[in-house]
Structure formats: structure tokens, C-alpha cells
Amino acid sequence: MSESATVATRGPEPGSAQASNGGGSFMSGPVGRNLGLVIALAILCIVGVITAGDRFADIDNILTILRLASVIGVVSVGMTFVIIGGGIDLSVGALVALSSVWATTLATQALAEDFHWIVMVITALAVGAGAGLINGVVIAYGKLVAFIATLAMLAAARGLAEIIANRRTQIVRDQAFLDFFSGDVLGIPTLVIIFALVALAGWVLLNRTTFGRRTFAVGGNAEAARLAGIRVQRHTVKLYVLSGITCGIAAVMIMARTTTGSSTHGTLYELDAIAAVVIGGTLLIGGRGTIVGTVLGVLIFTTLGNVFTLNNLSSSAQAVARGVIIVAAVLLQMRLVSGEGRSRRTKPAAAVSAPGGPGGAAGGGSAVPGAPAGARQGGGGETTT
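To keep things clear, this report deals only with the structure shown in the data block. Not measured: the values here are computed from a predicted model.

## Remarks on a nonpolar patch on the surface
Phase 1: Taken together, the side chains of Ile134, Val138, Leu144, Val145, Phe147, Ile148 and Leu151 present a nonpolar region at the surface, about 590 Å² in accessible area.
Phase 2: Those elements that place two or more of their residues in the nonpolar patch are α8 (118-140) and α9 (146-165).
Phase 3: With 3 residues, α9 is the largest single contributor of residues to the nonpolar patch.
Phase 4: Tracing the chain through its elements places Leu151 in helix α9.
Phase 5: Judged by its relative accessible area of 38%, Leu151 is partly exposed.

## A word on the packing of helix α5 (residues 59-84) against helix α16 (residues 291-310)
Phase 1: Axis separation between α5 and α16 bottoms out at 8 Å; the angle between their running directions is 140°. As judged from the angle between their axes, α5 and α16 are oblique. Handedness of the crossing formed by α5 with α16: right-handed. Packed against α5, whose contacting residues are Asn61, Ile65, Leu66, Leu68, Ala69, Ile72, Gly73, Ser76, Val77, Thr80 and Phe81, the element α16 presents Ile291, Thr294, Val298, Leu299, Thr302, Thr303, Asn306 and Leu310 at the interface.
Phase 2: Residue classes in the contact of α5 with α16 are distributed as 11 nonpolar, 8 polar and no charged.

## Topic: the environment of Ile46
Phase 1: Tracing the sequence through the fold places Ile46 in helix α3 (residues 30-52).
Phase 2: A relative accessible area of 52% places Ile46 in the exposed class.
Phase 3: Considered as a pair, Ile46 and Ala57 are 11 residues apart in the sequence and their alpha carbons are 9.5 Å apart.

## Comments concerning the packing of aromatic side chains
Phase 1: For the coordinates displayed, the defined rule picks out 6 aromatic pairs.
Phase 2: Each ring, one from Phe177 and one from Phe181, has its centre 4.9 Å from the other, and the planes form 50°; the classification is tilted. In this pair, Phe177 and Phe181 both sit in helix α10 (residues 175-181), 4 residues apart, roughly one turn of the helix. For the pair shown, Phe177 and Phe181 are each scored as buried.
Phase 3: Note on Phe180 and Phe181: the rings are 4.9 Å apart at their centroids and 85° apart in plane angle, and the pair reads as edge-to-face.

## Considerations on the environment of Leu304
Phase 1: Structurally, the position occupied by Leu304 is in helix α16.
Phase 2: Taking the C-alpha atoms as reference points, Leu304 and Leu41, separated by 263 residues in sequence, lie 8.9 Å from one another.
Phase 3: Those residues in contact with Leu304, other than ones at most four positions away along the chain, are Leu44, Ala321, Arg322 and Ile325.

## Overview of unusual backbone geometry
Phase 1: Here Arg167, not a glycine, exhibits a phi torsion of approximately 60°, which is positive.
Phase 2: Mapping Arg167 onto the fold places it in the loop between α9 and β1 (170-171).
Phase 3: Non-glycine residue Thr259 carries a positive phi angle of around 60°.
Phase 4: In this fold, Thr259 is placed in the loop between α14 (232-258) and β4 (260-261).

## What to know about the pattern of salt bridges
Phase 1: Enumeration over the complete set of coordinates arrives at 3 salt bridges.
Phase 2: Its salt-bridge partner being Arg173, residue Glu113 comes within 3.9 Å of it at the nearest N-O pair. Residue Glu113 is found in helix α7 (residues 106-114), and its partner Arg173 is found in the loop between β1 and α10; the two are separated by 60 residues along the sequence.
Phase 3: Residue classification places Glu113 among the exposed positions, given a relative accessible area of 52%.
Phase 4: The partner of Glu162 in a salt bridge is Arg167, and the shortest N-O contact between them spans 3.3 Å.

Reading guide: rules and limits
- Residues numbered from 1 in each chain as written.
- Predicted model: local features only at pLDDT ≥ 70, side-chain atom pairs only at ≥ 80, totals over all residues.
- Heavy atoms only, no water.
- Patch = residues over 30% accessible without salt bridge, like charges linked within 9 Å, V, L, I, M, F, W, Y side chains within 5 Å.
- Areas by Shrake-Rupley, 256 points an atom, 1.4 Å probe, with all protein chains shown as cover.
- Salt bridge = Lys/Arg side-chain N within 4 Å of Asp/Glu carboxyl O.
- Helix = DSSP H or I, 4+ residues; strand = E, 2+ residues; numbered from the N terminus.
- Buried < 20%, exposed > 50% of the residue type's maximum accessible area, 1.4 Å probe, protein only.
- Axes fitted to C-alpha atoms, helices over the stretch in contact; angles between N-to-C directions.
- Parallel < 35°, antiparallel > 145°, perpendicular 65-115°, else oblique.
- Left-handed = near helix turned anticlockwise from the far one by under 90°.
- Contact = heavy atoms within 4.5 Å.
- Nonpolar A, V, L, I, M, F, W, Y, C, P; charged D, E, K, R; others polar.
- Phe/Tyr/Trp six-rings, centres within 6.5 Å; stacked < 30°, edge-to-face > 60°.

Laid out in C-alpha cells, this is it:
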């Protein structure tokens, strides 16, 4: 076999760009996408400093941005798992409202006074997890489309919250609860710390556990995941329960921030969460996404709103800007995905001799598809010149 033929049959060198992301460009990889988001956030901050000056750069304003980002950020972490798994959850805002109302009823608060305010936290988490369980069972075992199932839960949960609260705002009376969640640690608000811990836990769960790998597999190709031994239906239920739990956490945070439980909490959170997840690079068709990207997406939208507010721009203009950003992000995703698809289709067929290829090829056997696996250079097989 000639030297040129030998080179042609080798796969990409380990650590090369082609080997690391399937031949796609650097920007199509997670590092490149996240770097682009960091640059976008930095540009937005520069615009804020130029247009609003010290009002934007003030440390109190930075902490305000982080506080505002924390609640929707926790919801977005749960949404990231659901979308990567090939689903969608339109009920997150309603679940935040229902959890906050249920956790601030007179009965729940009376129980908290007798024992500890942790009762309110457990109630919110249980309500969120229970509603997520219903979503997951209906979608996975009832075979109902996720869009319809969670849309129905959105209406039902919001209506149930109004019934429980009798369309009234319920005041949180436990001062110890408010002091704990409204305080700070070394100058950092507790709500921001909770968001950071949830994001960190989400990153570990997605990138360092079997649960995360199964989530990518189910979102990428549910049938292939099933054939690989993954119990797709059960995993889908777990994803929606996880989303419900993050809604419960967000409910506790918004109760502390507003000192109330209300059926109006979480309005349009589903749209904000989906927008942040999409901006963060998670594919709406599932199979790809990052927690880091979602966090950056939340910060971009929250910072954008802060810049608009400091410059006395209308909320309508802000809504238009958000819509343009979402459309641009989706179009960029489509372009990157189509570019990756073309790279895979144009990959040389001779690369099958890379490690993991047909038996015998990696060990010096034939790299020609269909040739005997045991053929060796100078052996009984046909010699390539």
C-alpha cells in the first residue's frame, strides 16, 4: 500500500477540530456557542455603561439583575432538561403560581408556625413535583403530545391556584422564612446563591451522570435509545418531575422576594424560560444543549431588560428586541445544524479505518468497505497500490 493511500485511510488526528466536533466549525461546538454568548453579554454590558453610565455599573444594579435572573433562571434549568429530552413544558409559570399559593395557605402557614418554615418549602416542592409527575405520565404513557398536555396543565394549574387563593393575594407571615431567603451571604443575595447551586447541580446531572447521557440519547433519537435498553417512558416522566421541582424552588424564591403567594405569579415564565434556553443553544428538536448556555441566555435577557428600563424605553420596544433576538438565535441554530449535517455527509468513506472501525481495519487491515476484515498488507488479501 502506498504512503498516500495509507494517509487517506486514516481518521482525523485525536484532539483535532474535526475529531472533536464531527468536522463542524468551532462555533458549532459548545465552547464556541458559549463564547459567542459571553461576547454578546459583554457587548450588552458595554452598551449599558455607555447609555446609563454609573447607574448600570453600580453594584446594587448588578445585584438587582442577578436577583431578577435567579427565579426565571431556576425554571430555565428545568426547562433545559425537558427540551434536551425532546419535550416542551408550557406549564412552568402556572406551576410556580400553584406552588406558591399552596405553600402560603392558612393551613400550611399554621403548620409551619407549629413546626418550622421548612414545611412551606416542602409543600412547594411537592406540589411542583406532583404536577410534573402528572405531565410526565400523560405524555409518556398516555401518548399525548407534550405541547397539548402541558398547555392543559397550564390552564388547570392556574385555575386551581385561583380557586385555592379565592383570587386573593396570600401574605407570607413567617418572618424567619423571609429573613432566611431575603438575606445574603457575604454580600451575595441568598436567591442568587440558590440559582447558582441549582445551575451547578443541573450541570453535574447533565454532564457527569448516566441520567444526563440518557437525556441526550432520548432527545436525539428516542427509538434508538429504546433499542439501546433505555426505558424512554420512565425517563420522560423523570424529566417532567425534575421540571416541576425547579418550579417549586422558583415558587419559594418568588414568595421570599414578594412576601406573597399569588395565582398571578409566574405569568409568561414559560415563554421567558423557552427563550433563554433557545438563546443558550439548546435545540428545540432535542438532543443538544448546555446548562452554561441557558444561564448565559437568562443573563442576556435580564440585562437587556435592565438596560431598557434604565434608559426609560418602553416595554413594547423591549418585547420587539427580545423577539428579534429569539428569531436570530433559531436561524443561527438551523444554519449550524445544517452545516454539521453537510460535514458528516461529506466525510471521506475511507475514514472507517479510524479506531472503532471494522475489525481488522484499525490493526492494519483493509480500509475498503466490504473487504475481508482479516486482510493485511502483504497477506492473502488483494494488495492496494
